[in-house]
Amino acid sequence: MTLLSSHLMLFSAVHRRPPPTFFPRCNPSTSQTVLFFCSPVLPPVRLGQRLRRLVAAAAAEDLLHNAGATVAVLGGAFTLVRGFDELTRRNILNQGLSRKLVHILSGLLFLVSWPLFSNSPKARYFAAFVPLINCFRLLVNGLSLASDEGLIQSVTREGDPLELLRGPLYYVVVLMLCALMFWRESPVGVVSLAMMCGGDGIADIIGRRYGHTKIPYNKKKSWAGSMSMFCFGFLISIGMLYYYSVLGHVQLDWASTVPKIAFISFVATLVESLPITEVVDDNISVPLSTMALAFFTFHN
Ligand SMILES: C/C(=C\COP(=O)(O)O)CCC[C@H](C)CCC[C@H](C)CCCC(C)C
Ligand SMILES: Nc1ccn([C@@H]2O[C@H](COP(=O)(O)OP(=O)(O)O)[C@@H](O)[C@H]2O)c(=O)n1
C-alpha cells in the first residue's frame, strides 16, 4: 500500500466520507507526506482546502516533469536526424546506411526514453507527442510544403520528398500507437518496436551486405537478412523487456517469456520475408503482426 493510498484511507476514517477522487495517481510529494501526518488534527474544511492545494501542486509537478521529458526527447529526435545528415554530408556514412541507422536508433531510443516520463496516466500522451510532431514534419516535407534537406537526405533512399509519406510516416505512426495503446506496462509495444526498429532495420543492413543466398519464395530477401532480423529482434526484445523489468514497469516470468519472444520474433521475421512489400509496407506488416501475436500471447 502506498503512502498516498494509506493517507486516503485515513482521510475517510477522519472525515467519515470517501476521499476526493480527483487525486492524481502520482508519487506522493513531500507536502503530501506532511499532510499525511497532520490530517488527524486538521478541521475538515481546512483539510479540504489543503488537499486542493496539494492536488494542484502535485498536478503542476507532474506537468512540469512530463513537459521537460517531452522537450528532451523531441530535442533528441531532431539531433539524431541532424547528426546522421551531417555524417552523410561529410561522406562518413553513405545515405543507405545512414537511413537504416536512423531507422534502428529512432525507435529504440524512443523506447529507452519512456521511463523518463512520470508515473501519471497522462504520461503516455506526452511521450506520443514526439512521434506526432515528427509525423507533421514528415507530412509537411513530404508534401513539399517545406523543405528540410537534412531530414530528406537522412530519411529517404533517393532524396525524393514523397518517400517521406511512406515508410517513415508509417514508422512514426506506429511509434505513436505503441506509446498510446501499450505504453510501459505491456510487453506488446516494446516487442513490436524492437522488431520493427531493431529487427527489420538490421535485416536491411546485413541482407544488403551478406545476403547472397536468397529466400526461395522471395528473391528480394535473403536468409542472412532474415536470420539477422530474428536474432537481433529477439535479443533487442529481451534486452528492452529486461530494462523495463529492472525499472519496475513490467513483471515477467522469464521462463515462459523467453520462448514466447522467440516465437513472436520468428513469426515477425517470417512476415517480413514475404513478398508483400508492394502491397503493404514492412513498417505496417511487421509491427501489426507482432502486436497481434504478442497481445494474444501475453494477455491470454
Ligand atoms: C528512416 C526511418 C524510417 C524508414 O523506414 P524504412 O522505409 O527504411 O523501412 C525512420 C524515420 C525517423 C523519423 C524521421 C524520426 C522519428 C523520431 C522518433 C519519433 C523519436 C526519437 C527520439 C529519440 C530520443 C531519438
Ligand atoms: N530479410 C531481408 C530483408 C532485407 N534484405 C535486404 O535489404 C534490402 C532492403 O530490404 P527492405 O525492402 O525490406 O527495406 P525496408 O523496406 O525495410 O527499408 C533488400 O532489398 C535486401 O537486399 C534482405 O536481404 N533480407
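A brief report on the enclosed structure follows. Just so we're clear, the structure is a prediction, and the values are computed from it rather than from any experiment.

Rules used throughout
- Residues numbered from 1 in each chain as written.
- Chains lettered and ligands numbered in written order.
- Predicted model: local features only at pLDDT ≥ 70, side-chain atom pairs only at ≥ 80, totals over all residues.
- Heavy atoms only, no water.
- Helix = DSSP H or I, 4+ residues; strand = E, 2+ residues; numbered from the N terminus.
- Buried < 20%, exposed > 50% of the residue type's maximum accessible area, 1.4 Å probe, protein only.
- Contact = heavy atoms within 4.5 Å.
- Areas by Shrake-Rupley, 256 points an atom, 1.4 Å probe, with all protein chains shown as cover.
- Salt bridge = Lys/Arg side-chain N within 4 Å of Asp/Glu carboxyl O.
- Near = heavy atom within 4 Å.
- Polar contact = N/O pair within 3.5 Å; in protein donor to acceptor, adjacent residues only side chain to side chain.
- Nonpolar A, V, L, I, M, F, W, Y, C, P; charged D, E, K, R; others polar.
- Domains from an automatic or database assignment.
- Axes fitted to C-alpha atoms, helices over the stretch in contact; angles between N-to-C directions.
- Parallel < 35°, antiparallel > 145°, perpendicular 65-115°, else oblique.
- Left-handed = near helix turned anticlockwise from the far one by under 90°.
- Expected span 1.5 Å × (residues − 1).

### As for the overall build of the protein chain
Stage number 1. On a plain count of helices and strands, the protein chain comes out with 11 helices and 2 strands.
Stage number 2. Overall, the protein chain shows an N-to-C arrangement of helices and strands of α-α-α-α-α-α-α-α-β-β-α-α-α.
Stage number 3. Out of the 300 residues belonging to the protein chain, those deemed buried represent 49%.
Stage number 4. Here the contacts in the protein chain between residues at least 6 apart in sequence split such that 72% fall between residues at least 24 apart.
Stage number 5. Summed over all atoms, the accessible surface of the protein chain reaches about 15,000 Å², with 68% contributed by carbon and sulfur.

### So, the pattern of salt bridges
Stage number 1. Scanning the entire structure with this criterion turns up 11 salt bridges.
Stage number 2. Measuring nitrogen to oxygen at the nearest pair gives 3.9 Å for the salt bridge that ties Arg-82 to Asp-85. Note that Arg-82 and Asp-85 are positioned in helix H3 (residues 44-89) at a spacing of 3 residues, about one turn of the helix.
Stage number 3. You can call Arg-82 partly exposed: its relative accessible area is 40%.
Stage number 4. Given a relative accessible area of 3%, Asp-85 falls into the buried group.
Stage number 5. Across the salt bridge formed by Arg-82 and Asp-148, the nearest N and O atoms sit 3.6 Å from each other. A residue pair is termed long-range when its members are at least 10 positions apart, and Arg-82 in helix H3 and Asp-148 in the loop between helix H5 (123-142) and helix H6 (149-155) qualify at 66 residues.
Stage number 6. Overall, Asp-148 belongs to the buried group, its relative accessible area being 18%.

### Notes on the site of ligand 2
Stage number 1. Surveying the vicinity of ligand 2 reveals 15 residues, the closest of which are Arg-157, Ser-222, Ser-226, Glu-272 and Asp-282.
Stage number 2. A distance of 2.6 Å separates an oxygen atom of ligand 2 from a polar side-chain atom of Arg-157.
Stage number 3. With respect to ligand 2, the side chain of Asp-200 contributes an N or O atom lying 3.4 Å from an oxygen atom.
Stage number 4. Residue assignment for the shell around ligand 2 shows that the elements contributing at least two residues are helix H4 (95-113), helix H8 (187-210), strand E2 (218-222) and helix H9 (223-246).
Stage number 5. With 5 residues, H8 is the single largest residue contributor to the shell around ligand 2.
Stage number 6. Here the shell around ligand 2 is built from residues that sort into 1 nonpolar, 4 polar and 10 charged.
Stage number 7. Per-domain counts for the shell around ligand 2 show at least three residues from each of domain 1 (60-181) and domain 2 (183-300).

### Focus: the packing of H8 against helix H10 (residues 254-273)
Helix packing for two helices is described by the angle between their axes and how far apart those axes are.
Stage number 1. For the pair H8 and H10, the least separation of the axes is 11 Å and the interaxial angle reads 50 degrees. With respect to H10, the axis of H8 lies oblique. As for the relative orientation of H8 and H10, their crossing is right-handed in sense. Of H10, the residues touching H8 (which contributes Val-191, Met-195 and Asp-200) are Ile-261, Ile-264, Ser-265, Ala-268, Thr-269 and Glu-272.
Stage number 2. For the contact of H8 with H10, a count of residues per class yields 5 nonpolar, 2 polar and 2 charged.

### Topic: H9
For an α-helix the count is 3.6 residues per turn, leaving residues at separations of three or four pointing the same way.
Stage number 1. For H9, built from 24 residues, the straight-helix expectation of 34 Å at 1.5 Å per residue is met to within 8% by its first-to-last C-alpha distance of 34 Å.
Stage number 2. Along H9, the positions that sit buried rather than exposed are Gly-225, Ser-226, Ser-228, Met-229, Gly-233, Phe-234, Ser-237, Ile-238, Met-240, Leu-241, Tyr-244 and Ser-245.
Stage number 3. Count one or two residues on from H9 and you reach Gly-248, which has phi positive near 85 degrees.

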